Amino acid sequence: MPTRSDPESTHIGEFDSKSFLKQLTERPGVYRMYDDGGSVLYVGKARNLKKRVGSYFRKTGLAPKTEALVSKIASIEVTITGSETEALLLEQNLIKSLRPPYNILLRDDKSYPYIYLSSHDDYPSLTFRRGRTKKGGGTWFGPFPSSGAVKESLNILQKVFRIRSCNESYFRNRTRPCLQYQINRCTAPCVGYVTPEEYQQDIRHAAMFLEGKNPAIIHDLMNAMETASKSLEFEKAAAYRDQINHLRHVQEQQSVDGEGGDADVIAIAQDAGVVCIVVIIVRGGRVLGTKDYFPRYSIEQTEGELLSAFLGQYYFGGNTRREIPRDILVPVEVDGQELLAQALTESANRETRIRGNVRGERRRWLELAMTNARQTLLTHLASKETVFRRLLALRDLLELAETPSRMECFDISHSHGENTVASCVVFDENGPLKSDYRLYNIEGVTAGDDYAAMRQVLSRRYKRLVAGEGKRPDLVFIDGGKGQLNIAREVFEELEISDIPLIGVAKGVTRRAGMEQLIDAMTGDVFRAPADSPALHLIQHIRDESHRFAITGHRARRDKKRRQSTLEGIEGVGPKKRRDLIRYFGGIQELRKAGVDEMIKVPGISKSLADTIYAALHDE
């Protein structure tokens, strides 16, 4: 979703692509490039956002037009989508509405490709159409993302179901079968070689494919594929596999062009003292655009209170009143929700609902907004300007002689004392330095003894430093209270390290974010930073990252199952489900391309399990 380098700050010099790409997702989506005046330069789509956006910042091989575009980039926003198909449709919507100077303007919606089933009583045809009309009756399937996919799929439909594709005049005047019959792509209804009943059965099957009501037919094709494979007819099995893949592609559900209706979809994410609110604008069932906001907030405000304040300002606070849709979708209950909905209803002169408990397509929109909010916040926190501003504040807070350029933080994770793991995360002037992260398996200590575990990891890390190995940090954080910090101080004294500041980060009495107590190991001073302090936000970010990395390492160690294939090792995916997934998609590559909504069509795959599989296949 929108990830803009820093919407509230002035961009200094050229765009910092390295910091931006560092936290960019590899999921499909749409990216928008802006100049220093905030005008859109270019809109594009990507199967893998990190790879696609990164290709613009290669040192060599760029076309002159691309070089000119890159030289003007001041910031980039991205919108994550559920699939590449959705990205393509959203890209077209944005180009049409924003008209970026570096894009070729696309055609209007009326020229989207469709598949048309004619209204002939006995022998209807299935044809490609550009644009939908109300003339002639018949049934329309679409719109679809590309003409190539539709034409290729029609070709497959003719191979599988042998349905005619000729026009009515040609059909009525045939006296003998045409070439399509000779190559097994038509059953020659024009000369009565197939009965109307048999032909209608093929039509029903084709319509089931295009409407997504296809489990029985796909099951038949999968059985045929397995039979051919067992008979060593591998070319035929591959053909069945390709047919399944093509037919799945053409009937792929597109959440960007899903069920009708107007809605503003609003999501919120918080981390390290920063709040990001994302708004997805949906009109007529189609995502038209997104916008992200970073409001200031008090530490005492809940997400419901934040959203309540935001909605009031968003719809009523500007000089120009915004369009109010029928539905406003939110992830949590909003403070004063009924009163706010009533005010919006009166302003719009029709009912407006604020809803959180939604299903179907609206649930997908809300999940998409939440994903984008998290990604936007992650990118904002990783931006070079944000990190530099926080480093300066940290230097002042801790009264350091110089701005720290390398910081390390340690945390311990275990389950009831078992499989204990210690983490060391590293931050520099660009944010997280993940190449220097380290996990330590803790051995030979009493189960659950966090002090002994902390002593072991610090001794192992800094003995190497004293021996001249590794890089020297300017500042070290310990995730814990005075007990853990005293252990760290003892280790430093034993190793005669006296020039590296040691700071403990304790949760405080209330254990709430923003109420952390900071402890200086050398002086014993205990102090707090203001909840809105950029320095505290940086400390929270470092502490949370060390905690996350420790838990990740602990879970990996605890998992006794070693991965034998891409699917093995995913919790909840046993041999039968792995087999069903491979059968349905025809291979691991097609499974990687599938979205969550396509995975849940496989028997036994729930929504939560599909989310887990998708994340595992995309390393999230």
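The coordinates are above.
These notes cover the structure that comes with them.

What counts and what doesn't
Residues numbered from 1 in each chain as written. Predicted model: local features only at pLDDT ≥ 70, side-chain atom pairs only at ≥ 80, totals over all residues. Heavy atoms only, no water. Axes fitted to C-alpha atoms, helices over the stretch in contact; angles between N-to-C directions. Helix = DSSP H or I, 4+ residues; strand = E, 2+ residues; numbered from the N terminus. Left-handed = near helix turned anticlockwise from the far one by under 90°. Contact = heavy atoms within 4.5 Å. Phe/Tyr/Trp six-rings, centres within 6.5 Å; stacked < 30°, edge-to-face > 60°. Buried < 20%, exposed > 50% of the residue type's maximum accessible area, 1.4 Å probe, protein only. Expected span 1.5 Å × (residues − 1). Arc of directions from axis to C-beta.

A few words on the packing of helix 15 (residues 450-466) against helix 16 (residues 482-494). Across the interface, helix 15 lies against helix 16 with an axial gap of 9 Å and an inter-helix angle of 35°. Considering how the two elements wind past one another, helix 15 and helix 16 form a crossing that is right-handed. Contacts between helix 15 and helix 16 involve Tyr451, Met454, Arg455, Leu458, Ser459 and Tyr462 from the former and Gly483, Gln484, Ile487, Ala488, Glu490, Val491, Phe492 and Glu494 from the latter.

For the rest of this paragraph, the subject is the packing of aromatic side chains. Overall, the coordinates contain 17 aromatic pairs when judged by the stated rule. Taking the centre distance of 6.0 Å and the plane angle of 85° together, the rings of Tyr293 and Tyr314 count as edge-to-face. Of the two residues, Tyr293 sits in strand 9 (residues 286-293) while Tyr314 sits in helix 11 (residues 303-316), which places them 21 residues apart along the sequence. Looking at Tyr293, the relative accessible area reads 21%, which means it is partly exposed. Under the relative-accessibility criterion, Tyr314 is labelled buried at 8%. Pairing Tyr462 with Phe492 gives two aromatic rings, centres 5.1 Å apart and planes at 75°, and the pair type is edge-to-face. Of this pair, Tyr462 sits in helix 15 while Phe492 sits in helix 16; the two residues are 30 residues apart in sequence, bridging distant segments of the chain. Each member of the pair, Tyr462 together with Phe492, is buried.

Another aspect to go through is helix 12 (residues 337-348). Each full turn of the α-helix corresponds to 3.6 residues, which orients residues three or four apart in the same direction. For helix 12, which comprises twelve residues, the first-to-last C-alpha distance of 16 Å matches the rise-based estimate of 16 Å (1.5 Å per residue) to within 8%. Where helix 12 is concerned, the buried positions are Leu340, Ala341 and Leu344. Axial view of helix 12: buried residues confined to an arc of 100°, hence all on one face. Within helix 12, the exposed residues directed more than 90 degrees away from the buried face are Glu338, Leu339 and Glu346.

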